[in-house]
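Coordinates in review
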Amino acid sequence: FKRINDSLGHDAGDQLLTVLAAHIKGSVRSHEDVVARFGGDEFCILISVHHRDEARHMAQRIMQKMKEPIELAGRRMVMTTSIGISLFPDDGLTGEELLKTADLALYQSKDAGRNSLTFFSSNLKTRAFLELQLEEELRGALRTHNQLVLFYQPIFDMKLGKVTRLEALVRWQHPQRGAVGPHIFIPIAERYGLINTLGDWVINEACRQMQVWQNAGLNISVAVNLSVYQ
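Residues numbered from 1 in each chain as written. Predicted model: local features only at pLDDT ≥ 70, side-chain atom pairs only at ≥ 80, totals over all residues. Heavy atoms only, no water.

1. Some details on the side chain of Thr118
As for its position among the elements, Thr118 is in strand β6 (residues 116-119). The exposure class of Thr118 is buried, given its relative accessible area of 15%. Apart from residues no more than four positions distant in its own chain, Thr118 is found in contact with Ile83, Gly84, Ile85, Ala105, Gln108, Ser109 and Leu124. (Helix = DSSP H or I, 4+ residues; strand = E, 2+ residues; numbered from the N terminus. Buried < 20%, exposed > 50% of the residue type's maximum accessible area, 1.4 Å probe, protein only. Contact = heavy atoms within 4.5 Å.)

2. What to know about the pattern of salt bridges
Pairs can form between side chains of opposite charge whenever their charged atoms are close. According to the stated counting rule, one finds 10 salt bridges in the structure shown. Across the salt bridge formed by Arg139 and Glu135, the nearest N and O atoms sit 2.9 Å from each other. Of the two residues, Arg139 and Glu135 both sit in helix α5 (residues 122-144), four residues apart, roughly one turn of that helix. Each of Asp111, Arg127, Glu131 and Arg191 takes part in a single network of salt bridges with overlapping partners. (Salt bridge = Lys/Arg side-chain N within 4 Å of Asp/Glu carboxyl O.)

3. Overview of helix α6 (residues 182-191)
Along α6, the residues that are buried comprise Phe185, Ile188 and Ala189. Summarising the axial view, the buried residues of α6 lie within an arc of 100°, below the 170-degree limit, and thus occupy one face. Considering only its buried residues, α6 is in contact with α5, β8 (162-174), β9 (178-180) and α7 (195-215). (Arc of directions from axis to C-beta.)

4. So, the packing of aromatic side chains
Under the counting rule described, the total for this entry stands at two aromatic pairs. Between Tyr152 and Trp213, the aromatic rings sit 5.0 Å apart at their centres with planes inclined by 75°, giving edge-to-face as the arrangement. Of the two residues, Tyr152 is situated in strand β7 (residues 148-157) and Trp213 in helix α7; the sequence distance between them amounts to 61 residues. Since its relative accessible area comes to 21%, Tyr152 is described here as partly exposed. Between Trp172 and Phe185, the ring centres sit 5.9 Å apart and the planes meet at 85°, which makes this aromatic pair edge-to-face. With Trp172 in strand β8 and Phe185 in helix α6, this pair connects stretches of sequence that are 13 residues apart. Residues Trp172 and Phe185 agree in their burial class; the two are buried. When the ring centre of Tyr107 is taken as origin, the NZ or CZ atom of Lys110, which lies over that ring, is 5.5 Å away. (Phe/Tyr/Trp six-rings, centres within 6.5 Å; stacked < 30°, edge-to-face > 60°. Lys NZ or Arg CZ within 6 Å of the ring centre and 35° of its normal.)

What follows is the structure in structure tokens.
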């Protein structure tokens, strides 16, 4: 949605939202259900169900409808849809709680590669709480720089029979949790706007170490991985 606004203009974005809203309204029961736009490209549907499968079937109808190509500003495009579902009273007793748990399920759908639907579960709440803690602790690690460390993986050239360069790999040595893998903290850094700070630290630290090696007479290049966000 953001790419469409940026490339085709906000008029095209508004036109797209109108089409998507019509798709959603066409997939629900006309008089029983409430469809609302929350902002950006997020919509919320309030429905009365007797069984869990009713919510699943409605979500599947919406996703199927969204797969239909849309003509927009002379272009033909297909949108992806991510859906999170929460149920009363299991997942929340108030509207605010149900929205929060549905939002957690939505993020799980996006993490799964989009174009999917997820029901809220208690383990998602546990995961969200852990993620919030890790985000706060990662901010602290980026301020002090005393928990982050670079490992240098040698890249060996078989023809030359020697190491020709190194790859810098960032690791987080947490004082309580121990070694936290990049598959855990890199997505958190990307999601909460910390990735540029982290990437800058990696580049600066790799350059500092290269200077140390050059001063010692070792001339070797280092590869650094950057997030697409940076």
